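# A closer look at the structure
Chain by chain, the residues:
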Amino acid sequence: MKAKNRDQSLTDSRELDGSYDQLTGNPSNSQSKKTIKQRFLKLLPCCKPTVAPSISQSKSHYTLHMSYVLMLISPTDSVEDDFELSTVCHRPESMDKLQEQTKFTKKELQVLYRGFKNECPSGVVNEENFKNIYSQFFPQGDSSMYAHFLFEAFDTNKNGSVSFEDFVFGLSIILRGTVNDRLNWAFNLYDLNKDGCITKEEMLDIMKSIYDMMGKYTYPSMQEDAPREHVESFFQKMDRNQDGVVTIDEFIESCKKDENIMQSMQLFDNVI
């Protein structure tokens, strides 16, 4: 019985990541890993080790943050489709249920799961492992604080771990949600203490974490007061009533009036 359950778990997982054809029992002829990876890298210029990263490469904070989110699902060339599930401790929801709860197709969910399980073989990721994953993309800097903020945004249950469901629900909002849905998600990332408004201190913590992650070898080189200048620019644009905080209404209204931010959102419409 135990062996039967394990075989079923392996079949379910292979169906989810697209590496198993239910009719033939053979690996599926899905899109090549290299092609998938190249599509992600087009949006992620700062994760290429041969190119000096630059914050100015992104048109907006939205582009910057969403690019870093998508790094987690960029499959590597070493992904093995015939995955051994002896260490899996969490099996995702059924394909049909995930399709109902998200705005992804079956094929898209398979692509996402393949990338997720490659980085998180156990089926869930804790904050320490989440930070380790990000450190691989930014060896020249310290990505731990930014990874902490991002982990908090995905850990909606606040149980100290992010499952594939948690991750794909967040991505569904980021990539397929309405404008308001996407901006609400971004606002939640900035609102560190979840009190419904963004303070300069919170935004400064976010910007410092980004500069720490990018490292000192950026082009053009960054001045020490650059994070604070970004914060001041952010508040000049977003803090409509100049009360020192940015509310969700101010954030959404300002973003919708910003052509660059609106264009940035469209960059991610066809990523997967």
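Residues numbered from 1 in each chain as written. Predicted model: local features only at pLDDT ≥ 70, side-chain atom pairs only at ≥ 80, totals over all residues. Heavy atoms only, no water.

Per the secondary structure count, the chain includes 13 helices and four strands. Expressed as a percentage of the 272 residues in the chain, the buried residues total 46%. For the chain, contacts bridging at least 24 residues in sequence account for 71% of all contacts bridging at least 6. Summed over all atoms, the accessible surface of the chain reaches about 14000 Å², with 47% contributed by carbon and sulfur. (Helix = DSSP H or I, 4+ residues; strand = E, 2+ residues; numbered from the N terminus. Buried < 20%, exposed > 50% of the residue type's maximum accessible area, 1.4 Å probe, protein only. Contact = heavy atoms within 4.5 Å. Areas by Shrake-Rupley, 256 points an atom, 1.4 Å probe, with all protein chains shown as cover.)

The geometry of helix 11 (residues 226-238) relative to helix 12 (residues 248-256) is characterised by a closest axis approach of 9 Å and an angle of 90° between their N-to-C directions. As far as their axial angle goes, helix 12 and helix 11 are roughly perpendicular. Together, Phe-234, Lys-237 and Met-238 of helix 11 and Glu-250, Phe-251, Ser-254 and Cys-255 of helix 12 make up the contact between the two elements. Here the contact of helix 11 with helix 12 is built from residues that sort into four nonpolar, one polar and two charged. (Axes fitted to C-alpha atoms, helices over the stretch in contact; angles between N-to-C directions. Parallel < 35°, antiparallel > 145°, perpendicular 65-115°, else oblique. Nonpolar A, V, L, I, M, F, W, Y, C, P; charged D, E, K, R; others polar.)

At a minimum axis distance of 11 Å, the contact between helix 5 (residues 106-119) and helix 8 (residues 164-176) shows a crossing angle of 125°. As the angle between them shows, helix 5 and helix 8 are arranged oblique. The handedness of the crossing between helix 5 and helix 8 comes out as right-handed. From helix 5, Glu-108, Leu-109, Leu-112, Tyr-113 and Phe-116 reach across to helix 8, where they touch Phe-164, Phe-167, Val-168, Leu-171 and Arg-176. Of the residues contributing to the contact of helix 5 with helix 8, the split by class is eight nonpolar, no polar and two charged. (Left-handed = near helix turned anticlockwise from the far one by under 90°.)

All told, the structure shown has six salt bridges when counted by the stated rule. The partner of Lys-257 in a salt bridge is Glu-253, with the nearest N and O atoms 3.2 Å apart. Looking at Lys-257, the relative accessible area reads 58%, which means it is exposed. (Salt bridge = Lys/Arg side-chain N within 4 Å of Asp/Glu carboxyl O.)

Moving on: the nonpolar core. By size, the foremost hydrophobic cluster in this structure holds 55 residues, and its most contacted members are Tyr-134, Leu-150, Ile-198, Met-203, Phe-234 and Phe-251. The element best represented in this core is helix 10 (residues 200-214), accounting for eight residues. (Core = buried A, V, L, I, M, F, W, Y, C linked by side-chain atoms within 4.5 Å.)

Before going further, it helps to spend a moment on helix 9 (residues 179-190). With 12 residues, helix 9 extends 17 Å between its outermost C-alpha atoms, agreeing within 8% with the 16 Å of an ideal straight helix rising 1.5 Å per residue. Taken residue by residue, helix 9 has Arg-182, Leu-183, Trp-185, Ala-186, Phe-187, Leu-189 and Tyr-190 as its buried positions. (Expected span 1.5 Å × (residues − 1).)

On to the packing of aromatic side chains, then. Using the criterion set out here, one finds 14 aromatic pairs in the structure. Between Tyr-134 and Tyr-146 the ring centres are 6.4 Å apart and the planes differ by 50°, which places this aromatic pair in the tilted class. Of this pair, Tyr-134 sits in helix 6 (residues 127-137) while Tyr-146 sits in helix 7 (residues 144-154), and the two are 12 residues apart along the sequence. Given the relative accessible area of 0%, Tyr-134 is considered buried. Connected via pairs of aromatic rings, a cluster forms that spans Tyr-113, Phe-116, Phe-154, Phe-164, Phe-167 and Trp-185. Positioned over the ring face of Phe-235 is Lys-200, at 5.7 Å from the centre of the ring. (Phe/Tyr/Trp six-rings, centres within 6.5 Å; stacked < 30°, edge-to-face > 60°. Lys NZ or Arg CZ within 6 Å of the ring centre and 35° of its normal.)

Considering the arrangement of structural elements, one finds Glu-127 in helix 6. Beyond its immediate chain neighbours, meaning those up to four positions away, Glu-127 contacts His-148, Phe-151, Glu-152 and Gly-160. There is a polar contact of 2.6 Å between the side chain of Glu-127 and the side chain of His-148. (Polar contact = N/O pair within 3.5 Å; in protein donor to acceptor, adjacent residues only side chain to side chain.)

Here we take up the side chain of Glu-108. Its place among the elements puts Glu-108 in helix 5. The exposure class assigned to Glu-108 is buried, which follows from its relative accessible area of 13%. Of the polar contacts made by the side chain of Glu-108, one reaches the side chain of Arg-176; its length is 3.0 Å.

Another aspect to go through is the confidence of the model for the chain. Atom-level detail of predicted coordinates should not be read off regions where pLDDT is low. When pLDDT is averaged along the chain, the result is 74; 62% of the residues meet or exceed 70. Of all helices and strands in the chain, the one with the weakest mean pLDDT is helix 2 (residues 33-41) (41), whereas strand 4 (residues 245-247) scores best (98). Throughout residues 20-59 the model reports pLDDT below 50, and contacts reaching past four residues in sequence, or to other chains, amount to 82 contacts. Between residues 75-88, whose pLDDT stays under 50, and residues either more than four places distant or in other chains, the model counts 34 contacts. (pLDDT = per-residue confidence, 0-100.)

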